[in-house]
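# Report on the structure
In case you want the letters, here they are:
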Amino acid sequence: MPIITLTTDFGTRDGYVGAIKGVIARIAPDARVVDIAHDVPRGDIAHAAWVVATATREFPVETIHVVVVDPGVGGARREVIVETRGHWYVGPDNGVFAYVAADAHRAWLADASGFGHAVSPTFHGRDVFAPVAASLANGYRPSGLEVRLTGALPWGARPASNGRIVHVDQFGNLVSDLPAEDAGETVLIAGKAIPIVRTYEDVPPEHLLAYIGSAGTVEIAVRDGRADQLLSVRRGTLVVSVAAGAPSGPYR
Amino acid sequence: MPIITLTTDFGTRDGYVGAIKGVIARIAPDARVVDIAHDVPRGDIAHAAWVVATATREFPVETIHVVVVDPGVGGARREVIVETRGHWYVGPDNGVFAYVAADAHRAWLADASGFGHAVSPTFHGRDVFAPVAASLANGYRPSGLEVRLTGALPWGARPASNGRIVHVDQFGNLVSDLPAEDAGETVLIAGKAIPIVRTYEDVPPEHLLAYIGSAGTVEIAVRDGRADQLLSVRRGTLVVSVAAGAPSGPYR
Amino acid sequence: MPIITLTTDFGTRDGYVGAIKGVIARIAPDARVVDIAHDVPRGDIAHAAWVVATATREFPVETIHVVVVDPGVGGARREVIVETRGHWYVGPDNGVFAYVAADAHRAWLADASGFGHAVSPTFHGRDVFAPVAASLANGYRPSGLEVRLTGALPWGARPASNGRIVHVDQFGNLVSDLPAEDAGETVLIAGKAIPIVRTYEDVPPEHLLAYIGSAGTVEIAVRDGRADQLLSVRRGTLVVSVAAGAPSGPYR
């Protein structure tokens, strides 16, 4: 049974997510639809890109992932199909695939003509991405000219040996792209040196900690609190890795 | 595999949606349950009616749609089954089916006795609508006397050639019931004349626009902003269609 | 088709719920995943315990229920499998199973080694609970030493004949653990005597009422309003059952 996952900023108070599910049920009745996240902040492409990269890697190969965080719908950005590591992705070429396409990948324009739905200029989730994903579930494979993805995130390539904050999760944890293998004993961020520990209980409540998070990268959190409020840093902020010898101690 | 969709105002922090899913899994283990929306504003019947009408039309025929936005639960309003355009609907007769029942339809009282659950006076979603929907998925069909739906929305029939705002979505877009074929080149609302364009990028950021939305009716939005905050209009507000010649230009 | 339910405090804006679903899809492709609630307030163990107890009882036997409200993840609390009334539960031993384990039950440590995922110290939902639940869906059964659950809620055993507020739902309704059979004609809470009626419409709008709620226990609500705001009581507050003769009348 093919799986189609959905990641959107449509929320769960309107009928938009339901409409997408209806189209998929109509075109690919055997596909199983899995909700990943529908409360991506409105139009937040970088947020969606991280969610998609970290959640979809857990799925079996041949899963089809639909991403509809698409503030430029109907405008100049293109609709694409991306294939990487045995997974299929369908969505706008606006940066939402920046992380998953960092690996070797192939990409094609997503052409929904003939896939069962008239195309409105403002709801490509329903009219383009859902029909294309359902068709992939039915065995359709793109052919013809491959394209180069152009969507990008506001921050460029990761600086050697260091990282940046790339995601703030709903607990206020600051997730960086500094991988475990490059992380020293301490990280510096926003003027603070924070020792890397194993888990939350390694510091007292309401204290800052750094640790290797579930994505395999350094995260900064406040035990039973919110690091985003304590540190007030933006995504893109540099996280410097320090091997040893940096001052340590409790931080509040 | 029969499909049962769920639209409620139960949110996703309590066990109410889960209880409904449990009852369906118990009575109709082969049915596939699809979440449409659980964050309908509390008791907002008109909101639910629009969500149900626009989302459920995308599903295949024979789908069963459960709607639990039911501020009068346990009181005088009736529980009903509605059949229209090959779809089944189960919920309270309080107006949530006002749009879907605008088409030719049949309706019956929903009688859950003998369908596997004692009926509490405050949770008909679990005790009446879920068992009835699950039974429909199992092949049950209502018989006996048909009833006339009495639930209605606060606004009456659409005025000829014009429309009303009938829904405000989570992006603050104002959705009207003025169909594309009656829409001229410009709409008047709240003292403003707004030309109808194709999509968001046809106006500068933070400007008002009107366009034919995903429901096939006129919508009013602010590019990268919220039309509900800019215009402060209520649902029910008149939207007047103007053929041509109205003043146009950027609106903020 | 085995069913696995999910109850978490992960929200629906990040990739955490999606990652759990991906792991389950990979290990147990035939399992059907059902969302119960993902907006449990952060780290609110008592809230999760009530949601799990009231929602999961509606599911068929042999359902597997995963609960990830786990503020102590990576710390001293244990990961457990609980079996009771033919249902399986997987999660932290921190009190989330306090209500379901009030019935006769068996419990084991949840050992995820060999179940397909490296274990990070901060995301046991993905790395321990999901693989164990998926393995249960595949027919795995725990063996070896049983353990005694130690997780508990802030309030102890229910006082004879009376009850406590144990849950506040998203409508602001105050749910107690006073069962229908111990409820008299009136309840006393926060200095107010509230007569027990059948349903909301038995009192005027914006008035307090008590009734036997969907869990079979006394609930206190405000018709078309919020009892939590009107009464300002905390969970754990005593609810006294009064047989008859208490003063009654409208309360605002």
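Anyway, here's the lowdown on the structure attached to this text. (Residues numbered from 1 in each chain as written. Chains lettered and ligands numbered in written order. Predicted model: local features only at pLDDT ≥ 70, side-chain atom pairs only at ≥ 80, totals over all residues. Heavy atoms only, no water.)

### Digging into the pairing of strand S12 (residues 217-222) of chain C
All names here are of chain C. Within S12, six of the six residues are buried, which leaves it mostly tucked inside the rest of the structure. Relative to S12, strand S8 (residues 174-179) runs antiparallel, the two being bridged by three bridges. Looking at S12, one finds that Leu174 is bridged to Ile220. Relative to S12, strand S11 (residues 208-212) runs antiparallel, the two sharing five bridges. The residue of S12 that forms the bridge with Leu209 is Ala221. (Buried < 20%, exposed > 50% of the residue type's maximum accessible area, 1.4 Å probe, protein only. Helix = DSSP H or I, 4+ residues; strand = E, 2+ residues; numbered from the N terminus. Pairing = 2+ DSSP bridges.)

### Examining the interface of chain C and chain B
Each side of the interface is counted separately: chain C has 33 residues, and chain B has 32 residues. Interface of chain C and chain B: buried area, both sides summed, is about 2600 Å²; carbon and sulfur atoms make up 48% of it. One salt bridge connects C:Glu58 with B:Arg26, and the closest N-O pair in it is separated by 3.1 Å. Counting across the chain C and chain B interface gives 21 residue pairs in polar contact (both at pLDDT 80 or more). Breaking the side of chain C that touches chain B down by element, the ones donating at least two residues are strand S2 (32-37), helix H2 (45-56), strand S7 (163-168) and S11 of chain C. With five residues, the single largest contributor to the side of chain C that touches chain B is S2(C). Partitioning the side of chain C that touches chain B into residue classes produces 16 nonpolar, nine polar and eight charged. (Contact = heavy atoms within 4.5 Å. Buried area = accessible area lost by both parts, 1.4 Å probe. Salt bridge = Lys/Arg side-chain N within 4 Å of Asp/Glu carboxyl O. Polar contact = N/O pair within 3.5 Å; in protein donor to acceptor, adjacent residues only side chain to side chain. Nonpolar A, V, L, I, M, F, W, Y, C, P; charged D, E, K, R; others polar.)

### Things to note about the pattern of salt bridges
Residues and elements named next belong to chain B. Within the structure shown, the criterion is met by 48 salt bridges over all chains. When the shortest N-O distance is used, the salt bridge between Arg77 and Asp70 registers 2.6 Å. In terms of burial, Arg77 and Asp70 fall into one category: buried. Note that Glu146 is salt-bridged to Arg106, the shortest N-O span being 2.6 Å.

### Some words on the packing of aromatic side chains
Applying the stated rule across the entire model yields 24 aromatic pairs over all chains. With a centroid separation of 5.3 Å and an interplanar angle of 85 degrees, the aromatic rings of B:Trp50 and B:Tyr99 are classed as edge-to-face. Of the two residues, B:Trp50 is situated in helix H2 (residues 45-56) and B:Tyr99 in the loop between strand S5 (87-92) and strand S6 (106-109); the sequence distance between them amounts to 49 residues. Pairwise contacts between aromatic rings join A:Phe10, A:Tyr16, A:Phe123 and B:Phe171 into one cluster. (Phe/Tyr/Trp six-rings, centres within 6.5 Å; stacked < 30°, edge-to-face > 60°.)

### Some points on the relation of the copies chain C and chain B
Mapping chain C onto chain B leaves a residual RMSD of 0.0 Å; the transformation is a rotation of 120 degrees accompanied by 0.0 Å of translation along its axis. What we have between these two chains is a three-fold relation. Mapped onto chain B, only 3% of the interface residues of chain C are again interface residues, and the two copies thus contact each other with different surfaces. (Least-squares fit on C-alpha atoms with pLDDT ≥ 70 in both.)

### Thoughts on the sheet that holds S6(B)
All names here are of chain B. Spatially, six strands are ordered S2-S1-S3-S5-S4-S6 in an open sheet, and the strand pairing comes out mixed. Whereas interior strands pair on both sides, the edge strands pair on one side only; in this sheet they are strand S2 (32-37) and S6. Direction aside, neighbouring strands of the sheet carry axes that sit 20 degrees apart on average. Looking at chain direction, strand S1 (residues 3-8) and strand S3 (residues 64-68) are connected through five bridges and run parallel. Among the inter-strand pairings, Thr5 is bridged to a residue of S3, identified as His65. Running at roughly 160 degrees to S1, helix H1 (residues 16-27) makes contact with S1, S2 and S3 of the sheet. Strands S1, S2, S3 and S5 of the sheet are contacted by H2, whose axis makes an angle of about 130 degrees with S2. (Axes fitted to C-alpha atoms, helices over the stretch in contact; angles between N-to-C directions.)

### Observations concerning the layout of surface pockets
Residue and element names in this part refer to chain A. Approximately 640 Å³ is the volume attributed to the largest pocket. Every element with two or more residues in the lining of the largest pocket is listed here: helix H2 (45-56), strand S7 (163-168) and strand S8 (174-179). The element contributing the most residues to the lining of the largest pocket is H2, with three residues. In terms of residue class, the lining of the largest pocket is built from 14 nonpolar, four polar and seven charged. (1 Å grid on protein atoms, 1.4 Å probe; cavity = no way out; pocket = protein on both sides within 12 Å on 5 of 7 lines; lining within 4 Å. Points joined across faces, edges and corners; volume = space filled by probe spheres on them.)

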